[in-house]
There are 2 protein chains.
Amino acid sequence: VRIALDAMGTDGAPGTEVAGALSALSELDPDVEILLVGDRDRIRAELPPSGGYPEGRVRIVHAPDRILTGEPPATAVRRKPGSSIVVGMRLQKNGEADAFVSAGSTGAVMASSLFLLRPLPGVDRPAIGTLLPTAGPPALMLDAGANVDSKPQHLVQFARLGTIYAQDLMGRVNPRVGLLNIGEEPEKGDELALAAHQLLAASGLNFIGNVEGRDIIQGACDVLVCDGFVGNVLLKFYESVASLIIQLLRKEVQATGSELDLEEVFRVLDYSEYGGAPLLGVNGVSIICHGQSTPKAIRNALGVASRAVRSSMVAHIARELAAPTPPSPEA
Amino acid sequence: VRIALDAMGTDGAPGTEVAGALSALSELDPDVEILLVGDRDRIRAELPPSGGYPEGRVRIVHAPDRILTGEPPATAVRRKPGSSIVVGMRLQKNGEADAFVSAGSTGAVMASSLFLLRPLPGVDRPAIGTLLPTAGPPALMLDAGANVDSKPQHLVQFARLGTIYAQDLMGRVNPRVGLLNIGEEPEKGDELALAAHQLLAASGLNFIGNVEGRDIIQGACDVLVCDGFVGNVLLKFYESVASLIIQLLRKEVQATGSELDLEEVFRVLDYSEYGGAPLLGVNGVSIICHGQSTPKAIRNALGVASRAVRSSMVAHIARELAAPTPPSPEA
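As a starting point, this report considers the structure included with it.

Side note on the sheet that holds strand β6 (residues 130–132) of chain B
Residues and elements named next belong to chain B. Here five strands make up an open sheet; going across it, the order is β6-β7-β10-β8-β9 and the pairing mixed. Taken across any chain shown, the strands that pair with only one partner, and hence form the sheet edges, are β6 and β9 (207–211). Strand-to-strand, the axes of this sheet are offset by a mean angle of 30°, without reference to chain direction. As defined by bridge partners, strand β8 (residues 177–180) adjoins β9 across four bridges and the pair is classed as parallel. Residue valine 177 lies in a different strand from β9, and its bridge partner there is phenylalanine 207. Against the sheet, helix α7 (residues 191–201) engages β8, β9 and β10 (223–225), with an angle of about 165° to β9.

Brief notes about the interface of chain B and chain A
Each partner contributes to the interface: chain B provides 40 residues, whereas chain A provides 40 residues. Between chain B and chain A, roughly 4,100 Å² of surface is buried when both sides are summed, and carbon and sulfur atoms account for 76% of that area. It is B:Ile182, B:Phe229 and B:Phe237 that lose the most area in chain B upon contact with chain A, and together they represent 17% of the buried surface on that side. At the surface where chain B touches chain A, the tally comes to two salt bridges. Of the charged contacts, one joins A:Lys236 and B:Glu212 as a salt bridge, the two residues approaching to 2.2 Å between their closest N and O atoms. At the surface where chain B touches chain A, the tally comes to six residue pairs in polar contact (both at pLDDT 80 or more). Broken down by element, the residue count for the side of chain B that touches chain A peaks at 17 residues, all from helix α9 (residues 228–256) of chain B. Residues belonging to the side of chain B that touches chain A are distributed by class as follows: 24 nonpolar, eight polar and eight charged.

A few points about the packing of helix α6 (residues 152–168) of chain B against helix α12 (residues 313–322) of chain B
Residue and element names in this part refer to chain B. Packing of α6 against α12 brings their axes to within 10 Å, and their N-to-C directions diverge by 140°. Judged by the sense of rotation from one axis to the other, the crossing of α6 with α12 is right-handed. Together, Arg160, Leu161, Ile164, Tyr165, Gln167 and Asp168 of α6 and Met313, His316, Ile317, Glu320 and Leu321 of α12 make up the contact between the two elements. Here the residues of the contact of α6 with α12 sort into six nonpolar, two polar and three charged.

Quick look at the pairing of strand β4 (residues 99–102) of chain B
All names here are of chain B. Here β4 shows two buried faces, one formed by Ala99 and Val101 and the other by Phe100 and Ser102. With three bridges connecting them, strand β1 (residues 2–6) and β4 associate as parallel partners. Pairing of alanine 4 across the sheet is with phenylalanine 100, part of β4. Bridge analysis of β4 against strand β12 (residues 286–288) gives three bridges, and the strand direction is parallel. Note on β12: the bridge partner recorded for serine 102 is isoleucine 288.

Some thoughts on the pattern of salt bridges
In the structure shown here, the tally under the stated rule is 20 salt bridges over all chains. With a closest N to O distance of 3.8 Å, A:Glu27 and A:Arg299 form a salt bridge. Of this pair, A:Glu27 sits in helix α1 (residues 15–27) while A:Arg299 is found in helix α11 (residues 295–310), placing the two residues 272 residues apart along the sequence. A residue is classified by how much of its surface remains accessible, and A:Glu27, at 53% relative accessible area, is exposed. With its nearest N and O atoms 3.4 Å apart, the salt bridge here joins B:Arg214 to B:Glu212. By relative accessible area, which is 34% here, B:Arg214 ends up partly exposed. Look at B:Glu212 and you get buried, because its relative accessible area is 5%.

Digging into the side chain of A:Thr134
Of note, A:Thr134 is situated in the loop between β6 (130–132) and β7 (139–142). A relative accessible area of 0% places A:Thr134 in the buried class.

Some thoughts on the packing of aromatic side chains
By the definition in use, this model includes two aromatic pairs over all chains. Their ring planes at 75° and their centres at 4.8 Å tell us that A:Phe237 and B:Tyr238 sit as a pair that is edge-to-face. In this pair, A:Phe237 is assigned in helix α9 (residues 228–256) and B:Tyr238 in helix α9, connecting two distinct chains. Exposure class is identical for A:Phe237 and B:Tyr238. Each is buried.

Thresholds, definitions, all that
Residues numbered from 1 in each chain as written. Chains lettered and ligands numbered in written order. Predicted model: local features only at pLDDT ≥ 70, side-chain atom pairs only at ≥ 80, totals over all residues. Heavy atoms only, no water. Pairing = 2+ DSSP bridges. Helix = DSSP H or I, 4+ residues; strand = E, 2+ residues; numbered from the N terminus. Axes fitted to C-alpha atoms, helices over the stretch in contact; angles between N-to-C directions. Contact = heavy atoms within 4.5 Å. Buried area = accessible area lost by both parts, 1.4 Å probe. Salt bridge = Lys/Arg side-chain N within 4 Å of Asp/Glu carboxyl O. Polar contact = N/O pair within 3.5 Å; in protein donor to acceptor, adjacent residues only side chain to side chain. Nonpolar A, V, L, I, M, F, W, Y, C, P; charged D, E, K, R; others polar. Left-handed = near helix turned anticlockwise from the far one by under 90°. Buried < 20%, exposed > 50% of the residue type's maximum accessible area, 1.4 Å probe, protein only. Phe/Tyr/Trp six-rings, centres within 6.5 Å; stacked < 30°, edge-to-face > 60°.

Spelled out as structure tokens, the structure:
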């Protein structure tokens, strides 16, 4: 398994990426290799001296340029062929890598995935899947922001993509699919939700119905589908609520001299535990990380990439999405 | 100030409502009267013996019927003229009360507000405003679920309604209006957000631009406008995140014997502090409470109703919304 890692993506690049990569190598199977993509000299400066790491499993691929967060993604991808994102994605396109992981501009990773890897047949709009912490095991929410103004059939595609991811990477058997909505009854919701509900009910997937905002965190479903607008709002809100609460608590814990171990309590809310968010539905493995990723988050994202490759997730998706809709039991 | 209170709305009705009403009376100005609307005998059974409360400020208005949460709102309102919601709303329509507060079916309170009070001229769709806790003072989000599939001009109306509420009831001067969106730049968002951004920028309101999920909790704005679908998802999600976190912490606090005062830390997240959510844009004061409201939440909702009446909020809204759009500075 060869994973290309954009070494220039995080706020602490390339040190964070190099640290995450070395940590991943010590955990992942010995056949995993990591290609560090970015400024050769700066990456080299972060690597330990020779002998201090498994040199045979690390390779630097020089990329002189870098796409910044503010740049319009599609334009940046076209104009910066030497950027770490484009160089790294090309490694996968050309068969020199099996996966690409980046904490750089989400828009640019998406654009380069669409341009270079291309969507799989049967997928109109690849979606970003992200793990939401719940009281139980995490739920996969998609789309977390790759698309807006989704049509009902896109939500069904998201459900199919998410079902495969939940099976192959999250170990869920017959994953429960929920539709994010504002009421439990099928007749609740906006036009999109009403139509998507009908399609999902007839999809052959394990559709459990509508899931409200309050049900998510109770672990009501394994796969939660929604348009990328509401998904993105929700994701960013969740991240910020957790951090506000920890901030409030930290003050109080210090003031009272309490021995409460906040890290332990909030491990469940810690995004870095979950690693990156896959862009599902493209012909390849493309994992998007937060710009504020820690080495642990990078390590976990590399783990996700490795499992996606090993489970042949992409072939699995291609098979399921290209297949004609299964006949109904009555047919 | 005469406030009609649906005494049959909460899960603990009518005891919760009666307790909340008596608590409000001891806090609010002596000219505030409360009309308890519901089953006469059951309400009477909850009241203290004669002399134990300010009898001159409490009146029972008998309503033999009750609308249940699952009932289709519009039908229920038509078919149950003797329900506490319809009887209470009629008191306001007929000038026997200045406001109505209910923790019953949100849909039925909305439907009866629209049928009996009617929307104000210039308001296409009344919206539910709800206070979101933030690191600073709370923000008013609307619409929290009265409407779905909003058009751009509706979001501008929500912004006008919210601005007046923030001025009159929240004490904000020149309230900052934000548009809930998935990026800061004006060219980010779905079709609705893109068009609403343009209209808001030209509205003459104090529009500060797009607000992302992560900015809400930092107190980025006083008034946050969005379609009721995303607003409702967000609100329910927020309520549930807070309760999950408190649940996680409580376990840990007990395990460690910590002296952390959770109530104190999370007062900021406690919805009952904020009382009810106003339905803004109707010709009257209609305050919607959570079905799980405590006496404290009812008390605070009665306080909101009293302040809305006293500040002549409805007349203020009527004046502003009926007024032609102010000419641009260049005109």
